[in-house]
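Fold and geometry: a report
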Amino acid sequence: MACREHDHRRCLELSRRISAYLDGELDASERRAVEEHLAACLACACCAATLKRTVELCRRAAPQPLPEPFARRLDGLLARLLAAPRVPKSRPRRG
Amino acid sequence: MKTERTPPAPAAVDDDDALVRRILAGERELFRVLVERYAPRLYTFGRRMCRNEPDAEDLVQETLLSAFRHLPEFRFESKFKNWLFRIAVNACRKKHRRARLAAEEELALEDLDRRLADEAARPGAVPLWARLPLERLLSEELSAQVREAIGSLPEKYRVVLLLRDIEGFSTEETARLLRLTPVNVKVRLHRARLFLRERLKGVLEHGLQGA
């Protein structure tokens, strides 16, 4: 990203760290460097704001409720599972 | 005097580990609480991963069935939710392999950089859609457009975005779930977000004209 008022080479490099910045995954010195750049560069500030809003919109996109017929089928399956005498043994699955 | 112990209402058990321990100790009916807690989230994940209703339903069913069968082998080394989503991710991959989907697409960083450079060539104010209070933007129509945009991401980016931004797994948790490095997760997430931003920008800038 570039802006007329400062060294343009920093913009592209910074744009690759904007997600990590938004996620709070940069260390203090990296975060300070990004914040100083954002304060001086309108294009990068715009990129950061629109990326932040994109993440917010993803997080708030309504979940899709279980369709009623499927919820009933799942309930029936569960009833059969729980009515079975015991949980069958199976190969280990680490967790 | 021995008194009858009344089991607490299942919904009162908030902690997954405590719930799993009780299920394993014999209170198998409590598995219903896990199903109520996670079936809707698995379905939402499945709809966005599989992009169709029948496959998403299969994914939920297979995941829960497998979790129930393998619960005795759960060793509390990770969160139950992480273990469950690991099963879901594997079920999803198996399904996609069976369906012989097209080779995985890449989101080339160069293309995304070019778009950023175009934007930078004519910097403007932060657009209205990024400045308005979020509540003023949200609508069922926009949610559908966001879901559609997420659905258009190549699978390897989509799964990272869903686990990180929708399900709230950390970078490290996502890396473990997908057997990727944390750096790889960060790169894929960033590209996925840039791609979505491009898609949503068009929708929102057009939709807010005259607002």
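Report on the accompanying structure. (Residues numbered from 1 in each chain as written. Chains lettered and ligands numbered in written order. Predicted model: local features only at pLDDT ≥ 70, side-chain atom pairs only at ≥ 80, totals over all residues. Heavy atoms only, no water.)

Some thoughts on the overall build of chain B
Tallying secondary structure elements over chain B gives 11 helices and 0 strands in all. Reading the helices (α) and strands (β) of chain B from amino to carboxyl end gives α-α-α-α-α-α-α-α-α-α-α. By residue count, 51% of the 211 residues in chain B fall in the buried class. Taking contacts inside chain B between residues at least 6 apart in sequence as the whole, the part at least 24 apart equals 67%. Just so you have it, chain B exposes about 10,700 Å², and 50% of that area is on carbon and sulfur atoms. (Helix = DSSP H or I, 4+ residues; strand = E, 2+ residues; numbered from the N terminus. Buried < 20%, exposed > 50% of the residue type's maximum accessible area, 1.4 Å probe, protein only. Contact = heavy atoms within 4.5 Å. Areas by Shrake-Rupley, 256 points an atom, 1.4 Å probe, with all protein chains shown as cover.)

Focus: unusual backbone geometry
Residues and elements named next belong to chain B. Not every positive phi belongs to a glycine, and Arg51 is a case in point at roughly 65°. Tracing the sequence through the fold places Arg51 in the loop between α2 (31–50) and α3 (53–70). Residues other than glycine seldom take positive phi values, yet Arg179 does so here, at roughly 55°. Take Arg179: it is sitting in the loop between α10 (171–178) and α11 (182–207). What makes Arg179 exposed here is its relative accessible area of 66%.

Considerations on the packing of helix α3 (residues 28–40) of chain A against helix α4 (residues 42–60) of chain A
Residue and element names in this part refer to chain A. One way to put it is that α3 packs onto α4 with a least axis distance of 6 Å and a crossing angle of 115°. Of the possible angle classes, the one that applies to α3 and α4 is roughly perpendicular. Contacts between α3 and α4 involve His37, Leu38 and Ala40 from the former and Leu42, Cys44, Ala45 and Ala48 from the latter. Considered class by class, the residues forming the contact of α3 with α4 number 6 nonpolar, 1 polar and no charged. (Axes fitted to C-alpha atoms, helices over the stretch in contact; angles between N-to-C directions. Parallel < 35°, antiparallel > 145°, perpendicular 65-115°, else oblique. Nonpolar A, V, L, I, M, F, W, Y, C, P; charged D, E, K, R; others polar.)

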